[in-house]
Amino acid sequence: MSVPTSKIEEIIDTTQDSDAQDDSDDNIAVEHEHDDAENQQGPSSSTASSSKKKKKKRSKALNALTGKSIPQALVDQVLDTVKAERGEGSEQANADNVRQVLEHMKIMEIVKGKAGLGGLNKKDMGEHKARREGPPEEDGYIEPSKPADEVRQEPYLLPKDFEWSIIDITDPAQATEVHELLSLHYVEDGDATFRFKYSTEFLQWALQVPGYRREWHVGVRVKSNKKLVGFISGVPMLLRVRKNKFMSAEINYLCVHKKLRSKRLAPLLIKEVTRQIHLKGIFQAIYTAGVVVPTPVSTTQYQHRNLNVTKLIDIQFSFVPRNMTLARMIRLNQLPNKPQLPGIREMSEKDIPQVTELYTRYMERFDMVPVMDAQEIKHQFLSGAGKAGTGDKWRREGQVVWAYVVEDQDTHKITDYMSFYSLPSTVINHPKHGVLEAAYLHYYASDTGANADEDSTLKERLQNLIGDALIVANNAKFDVFNALTMMDNSLFLKELRFAVGNGFLNFYLYNWRTAPLAGMKEENGVPVGRGIGVVMV
């Protein structure tokens, strides 16, 4: 998707909790703050007239901002402030993503100075557990963990017409419900041209990681007909951030039915999954967003490699550059018919021990990575391989992940591996094409990088390795191959003809402070991309 808007929305909750109890420290991405002015006494008679005028002005402003559109004047004012303050993430700010952020935030939070865009707010964020402005004194948690008996035991109260539902993703019927909700109501690009299309096989692969908790897959249903209208997920992840390892939750797939977004179900979904995670003794989380909210630990940029050029031009995903013809563009993007590296083949279960060892060594190059054992490696690379005996050699029925190894023909040592996954998008209202087949770069490693920090040698090796990934994806009939400016991707993106996209993905940590991590730009001498080694699917 050329302009992904969000993988999880951070919503600043300014309404009173549905319960009287204040559980503000039980929220991963929602912070609950009361307006101090509400506790003050009413105005005296001598100021009553002035107060009414001010109240009327405030009411008009609030009505304008909570209506169907955000006033352009406000968008321009906020954008000017973002650019002037030069906060983290300000370089990708534009009118469209500023408007999107404003639509997800209550205007009173901005008026009261309790929330800002891109880390620009100079006032204290109060109870907000995202990383504060400026480099922290040292890495570590922001607030300490709590004993289980101090965590809220009861679910949050929903509006009267709705009820909580724990989703069993192993049940095909419930997996289909989540698939249908996300397919119709999840992330669209800014022009409403493309929408992610998650298959049931994809959701089962992404949500059934080793050690997953069923109660972290939280849904909201309509009481009367049991229709699923809201969803959010969490899965466990042992995360290393620089030198620190800790258990965390990967938060993803926050989605509410479009017609119910005025019901404020999203903040409650976030609060409820946070409560469930806290009950298991986990108080850190990682999540991503296409929009900028305070404060990303890193920002990465999407890049796209055209495979089916004609189709991409037809659906306006890509465009023919100035001073180039379509025929020349097709010729420049052509690929060989088969992978080029000697010894490259599909990964199998017997490779898992060597792949696990290579993964562990190679990922030491990056500052923030998932720590995975052999069971988790097997799940990541093999559990989404599709139904054996179906399809052809390049794509099986229900296949989500493609994983290949390079085996030394003499020693039988696994020297490299690469992988990518399938995440198609619906092409909205196109007369000819209904689906954009998109491949996304997943994890990869090379013994060259694991044994030495010599980028010139590694660069050539990765260009060949990921070049073969492009060939496999092209043979599997993908239309485009997407990657982010993370890991060692900067060593091959330009050389393999990836084009810079206009979408960004911001990484956030909940209740963990650390200095900025290198994503689309270097940080504190760390090269571009080398801060981020977490692939958020």
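Just above, that's the structure.
The shown structure was predicted, so the numbers you read here are calculated from the model rather than taken from an experiment.

**Focus: the overall build of the protein chain**
Within the protein chain one finds 13 helices and 16 strands. Looking at the 537 residues of the protein chain, the share that counts as buried comes to 55%. For the protein chain, the proportion of contacts with a sequence separation of at least 24, taken over those separated by at least 6, is 75%. With an accessible surface of roughly 24,000 Å², the protein chain has 49% of that area assigned to carbon and sulfur atoms.

**Side note on the nonpolar core**
Ranked by internal contacts, the top residues of the largest apolar core, which has 104 residues, are Phe 202, Tyr 253, Met 368, Tyr 417, Tyr 444 and Phe 481. It is helix α13 (residues 455-475) that contributes the most residues to this core, eight residues altogether. In contact with Phe 481, not counting residues within four places along its chain, are Gln 303, His 304, Arg 305, Leu 307, Phe 420, Ala 439, Leu 441, Ala 469, Leu 470, Ala 473 and Phe 498. Core analysis: the second largest hydrophobic core is formed by 29 residues, Tyr 156, Ile 270, Ile 282 and Tyr 287 among them.

**Some details on the pattern of salt bridges**
Applying the stated criterion across every chain yields a total of 19 salt bridges. Residue Glu 407 is joined to Arg 345 by a salt bridge in which the shortest nitrogen-to-oxygen separation is 2.9 Å. Residue Glu 407 is located in strand β10 (residues 401-407), and its partner Arg 345 is located in strand β8 (residues 344-346); the two are separated by 62 residues in the primary sequence. Classification of Glu 407 by relative accessible area gives buried; the value is 14%. Using a relative accessible area of 22% as the deciding quantity, one classes Arg 345 as partly exposed. We note a salt bridge from Asp 447 to Lys 413, for which the minimum N-O separation is 3.1 Å. Of this pair, Asp 447 sits in helix α12 (residues 447-451) while Lys 413 sits in the loop between β10 and β11 (414-422), and the two are 34 residues apart along the sequence. Owing to a relative accessible area of 36%, Lys 413 belongs among the partly exposed residues under this scheme. What you see here is one network of salt bridges that share partners, running through Arg 345, Lys 350, Asp 351 and Glu 407.

Basis of the calculations
- Residues numbered from 1 in each chain as written.
- Predicted model: local features only at pLDDT ≥ 70, side-chain atom pairs only at ≥ 80, totals over all residues.
- Heavy atoms only, no water.
- Helix = DSSP H or I, 4+ residues; strand = E, 2+ residues; numbered from the N terminus.
- Buried < 20%, exposed > 50% of the residue type's maximum accessible area, 1.4 Å probe, protein only.
- Contact = heavy atoms within 4.5 Å.
- Areas by Shrake-Rupley, 256 points an atom, 1.4 Å probe, with all protein chains shown as cover.
- Core = buried A, V, L, I, M, F, W, Y, C linked by side-chain atoms within 4.5 Å.
- Salt bridge = Lys/Arg side-chain N within 4 Å of Asp/Glu carboxyl O.

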